[in-house]
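Topology and contacts: notes
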Amino acid sequence: MDSTITGFHAHLYYDADSLGTARAVRDAAGEALPVEVGRLHEKPVGPHPMWSCQLAFGRDDFAEVVTWLALHRRGLTVFVHPETGQALQDHRDHALWMGSMPALKLEMFN
């Protein structure tokens, strides 16, 4: 693995109708995985075009976390990106998606 990656973020995307599902997935991830669980935002935050919740995890936990999310996301869109200190590239060029791919607000990184 590239030594410049210091960690990863997975963002669960949801809306008012799927807020309960997002809460359940976030809470289950927090119990089952080595992740730092973030708040459930009920508005778009940062480059994220939808409501979201961040799960932060280390390089060595990538396979476990992403595999778990693939099987337990319950229909939510999940956006995963590395943390290299290059925010634009991390969000635009090095990201993984599960589900739909809504356009991010990348202009904030310019």
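Anything mentioned here points back to the structure above.
Residues numbered from 1 in each chain as written. Predicted model: local features only at pLDDT ≥ 70, side-chain atom pairs only at ≥ 80, totals over all residues. Heavy atoms only, no water.

1. Some points on the environment of His-11
For the record, the criterion: Numbering of helices and strands runs from the N terminus, with a helix taken as a DSSP run of H or I at least four residues long and a strand as a DSSP run of E at least two residues long. When checking whether two residues touch, look at their non-hydrogen atoms; a contact exists if any pair is within 4.5 Å.
By secondary structure assignment, the location of His-11 is in strand S1 (residues 7–14). Note: C-alpha distance between His-11 and Cys-53 (42 residues apart in sequence) is 5.4 Å. Not counting residues up to four positions away in its chain, the partners in contact with His-11 are His-48, Cys-53, Gln-54, Thr-77, Val-78, Phe-79 and His-81.

2. With respect to the packing of helix H1 (residues 19–32) against helix H2 (residues 62–72)
Short version of the rule: Note on geometry: axes are lines fitted to C-alpha atoms, helical ones only across the stretch in contact, with angles between N-to-C directions running from 0 to 180 degrees. Here a crossing is called left-handed whenever its near helix is offset anticlockwise from the far helix by less than a right angle, and right-handed whenever the offset is clockwise.
Between H1 and H2, the least distance of the axes is 11 Å, while the angle of their chain directions is 145 degrees. Pair H1 / H2 crosses with right-handed handedness. In this structure, H1 uses Val-25, Ala-28, Ala-29 and Ala-32 to contact H2, whose residues at the interface are Glu-64, Trp-68 and His-72.

These values are about where atoms sit, not about what they do.
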